[in-house]
Amino acid sequence: MRTLLIGIFLITLGVSCLAQDASIEQEIKELSKTKWQWMAEKNVGELTSLFHEKSKFVHMSGSWKKDRELEIIETGSIWYKKADVHDVAVEVFGNGTAVLWNRITLIAHVRGNDVSNEFTVTEFYKKQGDNWKLLNLTFSKVRDTHKIEH
């Protein structure tokens, strides 16, 4: 009887953890989608709150920290006009860290020209209090046939 009760407890715990992970995955997907919109709108107020103080950003032309990324967005030196998201995968680690991969077609205005590029973007998030903070955003240039493994 004791073994049966322990088994039921473990199954219940496992189902609860899976449900929690699914909820966090959905929350992170929505946050990432909203982030792309804020970037398109050059909404540095919301992005300032989202980006962790020590966050890093890796682009085709270099890498930098939060203040530089916000400056780039605010001045429009890179204007993230539209990110068409084709595929998204999220992995949750515990209840406080999540990694999101999304395959996108990014239409951006860079150095006076509109450009379109295919990327897999990797985003790391960490829970701080009640809010998620973006720790890292990395653009990886890929072919349009690239698939994210789920």
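Preceding this paragraph is the structure being described.
What counts, and at which threshold
- Residues numbered from 1 in each chain as written.
- Predicted model: local features only at pLDDT ≥ 70, side-chain atom pairs only at ≥ 80, totals over all residues.
- Heavy atoms only, no water.
- 1 Å grid on protein atoms, 1.4 Å probe; cavity = no way out; pocket = protein on both sides within 12 Å on 5 of 7 lines; lining within 4 Å.
- Points joined across faces, edges and corners; volume = space filled by probe spheres on them.
- Helix = DSSP H or I, 4+ residues; strand = E, 2+ residues; numbered from the N terminus.
- Nonpolar A, V, L, I, M, F, W, Y, C, P; charged D, E, K, R; others polar.
- Salt bridge = Lys/Arg side-chain N within 4 Å of Asp/Glu carboxyl O.
- Buried < 20%, exposed > 50% of the residue type's maximum accessible area, 1.4 Å probe, protein only.
- Phe/Tyr/Trp six-rings, centres within 6.5 Å; stacked < 30°, edge-to-face > 60°.
- Lys NZ or Arg CZ within 6 Å of the ring centre and 35° of its normal.
- Pairing = 2+ DSSP bridges.

A few words on the layout of surface pockets. The rolling of a water-molecule-sized probe over the atoms marks out the regions of remaining empty space. Taken as a whole, the largest pocket encloses approximately 330 Å³ of empty space. H59, M60, S61, I78 and V110 are the residues nearest the centre of the largest pocket, which is lined by 17 residues in total. At the level of secondary structure, the elements contributing two or more residues to the lining of the largest pocket comprise α3 (66–75), β3 (78–93), β4 (97–110) and β5 (113–128). Residue composition of the lining of the largest pocket, by class: 11 nonpolar, four polar and two charged.

Enumeration over the complete set of coordinates arrives at seven salt bridges. The salt bridge involving E27 is made with K127; its shortest N-O contact spans 4.0 Å. Taken together, the residues span a long stretch of sequence, with E27 in helix α1 (residues 2–41) and K127 in strand β5 at a distance of 100 residues. Residue E27 is classed as partly exposed on the basis of its relative accessible area, which comes to 35%. Given a relative accessible area of 27%, K127 falls into the partly exposed group. Notably, a salt bridge pairs K35 with E123, separated by 3.1 Å at the nearest N-O pair. Of this pair, K35 sits in helix α1 while E123 sits in strand β5, and the two are 88 residues apart along the sequence. Residue E123 is classed as buried on the basis of its relative accessible area of 0%.

A word on the packing of aromatic side chains. Given two aromatic rings, one states the distance between the centres and the angle between the planes to describe the pair. A full pass over the atoms with the stated rule returns four aromatic pairs. Plain terms: the ring middles of F119 and F139 are 5.0 Å apart, the flat faces sit at 70° to each other, and that makes the pair edge-to-face. Placement of F119 in strand β5 and of F139 in strand β6 (residues 131–141) is noted, with a sequence separation of 20 residues between them. Judged on exposure class, the residue F119 and its partner F139 are both buried. An aromatic cluster of at least three residues, connected via ring pairs, comprises W36, Y80, F119 and F139. Here K35 stacks its cationic end above the ring of W36, 3.3 Å away from the centre of that ring. Sitting over the face of the ring of W64, R68 holds its NZ or CZ atom 5.9 Å from the ring centroid.

Here β3 pairs with β4 via 14 bridges, running antiparallel. Across the sheet, residue F93 finds its bridge partner in β4, namely T97. Between β3 and β4, which pair antiparallel in sequence order, lie three residues; one of them, G94, sits at a positive phi of approximately 65°. Sheet analysis places β4 next to β5, joined by 14 bridges and oriented antiparallel. Residue L106 lies in a different strand from β5, and its bridge partner there is N117. Counting the residues in the hairpin turn of β4 and β5 gives two residues, including R111, whose phi is positive at 50°.

Function cannot be read off these values alone, since they describe shape.
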